[in-house]
Amino acid sequence: MKRRNIVAGNWKMNLTVAESRELAVAVLSEIGAGFSGCDVGVAPTFVALTETAKALDSSSLFLAAQNCHFENEGAYTGEISARMLLAAGCSYVIIGHSERRQLFGETDAIVNRKVAKALQDGLKVIFCVGETLDERESGITGDVVTRQVKGGLAGIDGIGDLVIAYEPVWAIGTGKTATSEQAQEVHALIRGTVAELYGAEAADGLRIQYGGSVKPSNAVELFAMPDIDGGLIGGASLNAADFAAIVKAAC
Ligand code: PEP
C-alpha cells in the first residue's frame, strides 16, 4: 500500500505575523479543517509561529519551523532550539533546506546534528536533500544525494519521525520542475539508500516528498509516482487557492 502523502508549505522569509495569520485562515477555509486523506502543514517564520498556531487551532494542519539549532539553549545569537519550537506549537521542523546549505553554510555534519537533536527532542523532521544544476549536469546526482542522506542520518537509530524531501536545487523557485520520471528516479535511489541503512521495511514506510516548483498544474502527475509521497511547496504555498489545489492532488 502506498504511504500517506504529506504536503508542507514552506513560507520562507515571507509574511508578517498578521499576514501569516491571514494566510493560515485562508488556507483553512480553502481546504477545510477536517480533511483526512493526507498530512498537511505550514512553516511560517519563527516570529509568526505562535499566531499561526492559534489560527490553526482545532484544525488538523500541523505547524512546522524552517530550521532549528542542535543545542537546547545558550550563547547562540539568532538561533532557536527544538524545545522552543515544541513549546511554540510546532510538531515538525524542516532541516537542511538547500537555502540553509547554500546561503548559510550548513554542511552534512551540521545538518546531521540538527536532525539528531530535533528527533531526540520529539519533533518530526523534514530532512531536505538535493543536487545543484552543476552536479546534475556532471552526472553525480546519485552520489550527491546518497552522500547527503548518509551524512544527514549518521548515527541516527530510528527514522519513524523522519520525512525526506528531495528538492533538486535547480528546480527551487526557478519555475523548472523535475519531470515526474526524473524525480521518481531519485526518490527510488533515496529509498534504496535508506533500505541499506535501516532495512527494507523502514525504507518502505518512509515518506519522501518532492519539492521544486510544484504547482497545481504538475502536482497530480508528480504525486502519482510510486516513490513520491507528497510535496514540500515554496512559492505556491503563499497562495491559499494554489496550495489547496496541491493538497487536493495529494489527498
Ligand atoms: C522550497 O523551497 O522548499 C521549494 C520547493 O520552493 P518552490 O516550490 O518555490 O520551488
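Here, the structure is the one placed above.
First things first, this report covers the structure right here in the doc.

About the cut-offs
Residues numbered from 1 in each chain as written. Predicted model: local features only at pLDDT ≥ 70, side-chain atom pairs only at ≥ 80, totals over all residues. Heavy atoms only, no water. Helix = DSSP H or I, 4+ residues; strand = E, 2+ residues; numbered from the N terminus. Rg over C-alpha atoms; globule rule 2.2 N^0.38 Å. Buried < 20%, exposed > 50% of the residue type's maximum accessible area, 1.4 Å probe, protein only. Contact = heavy atoms within 4.5 Å. Areas by Shrake-Rupley, 256 points an atom, 1.4 Å probe, with all protein chains shown as cover. Lys, Arg positive; Asp, Glu negative; His and termini not counted. Charge placed at Lys NZ, Arg CZ, Asp CG, Glu CD. Polar contact = N/O pair within 3.5 Å; in protein donor to acceptor, adjacent residues only side chain to side chain. Salt bridge = Lys/Arg side-chain N within 4 Å of Asp/Glu carboxyl O.

## Considering the overall build of the chain
- When you go through the chain residue by residue, the secondary structure sums to eleven helices and eight strands.
- Whereas a compact globule of 251 residues would reach a radius of gyration of roughly 18 Å, the chain reaches 17 Å, a difference of no more than 12%.
- Summarising its shape, the C-alpha atoms of the chain cover approximately 45 × 45 × 35 Å along the three principal directions.
- Burial statistics for the chain: of 251 residues in total, 53% are counted as buried.
- Once local pairs closer than 6 in sequence are excluded, the contacts in the chain between residues at least 24 apart make up 73%.
- When the accessible surface of the chain is totalled, it reaches about 10600 Å², and 52% of it is carbon and sulfur.
- With 21 positive and 30 negative side-chain charges, the chain shows a separation of 2 Å between the mean positions of the two kinds.

## A short note on the side chain of Gln209
- Counting through the fold element by element, Gln209 comes out in strand S7 (residues 207–211).
- When its relative accessible area of 0% is taken as the criterion, Gln209 is described as buried.
- Within the structure, Gln209 has its side chain in polar contact with the backbone oxygen of Gly231 (distance 3.0 Å).

## Notes on the pattern of salt bridges
- Under the counting rule described, the total for this entry stands at 20 salt bridges.
- Close ionic contact of Asp39 with Arg207 constitutes a salt bridge, the shortest N to O distance being 2.7 Å. On the criterion of sequence distance, the pair formed by Asp39 in strand S2 (residues 39–43) and Arg207 in strand S7 is long-range, its members being 168 residues apart.
- Look at Arg207 and you get buried, because its relative accessible area is 16%.
- Glu51 is the salt-bridge partner of Lys54, the closest N and O atoms lying 2.8 Å from each other. One end of the pair, Lys54, and the other, Glu51, are both in helix H2 (residues 49–56), three residues apart, so they sit about a helical turn from each other.
- The exposed category is assigned to Lys54, whose relative accessible area is 53%.
- Residues participating in the shared-partner salt-bridge network are Lys2, Arg3, Arg191, Asp204, Asp227 and Asp229.

Purely geometric numbers; function is a separate question.
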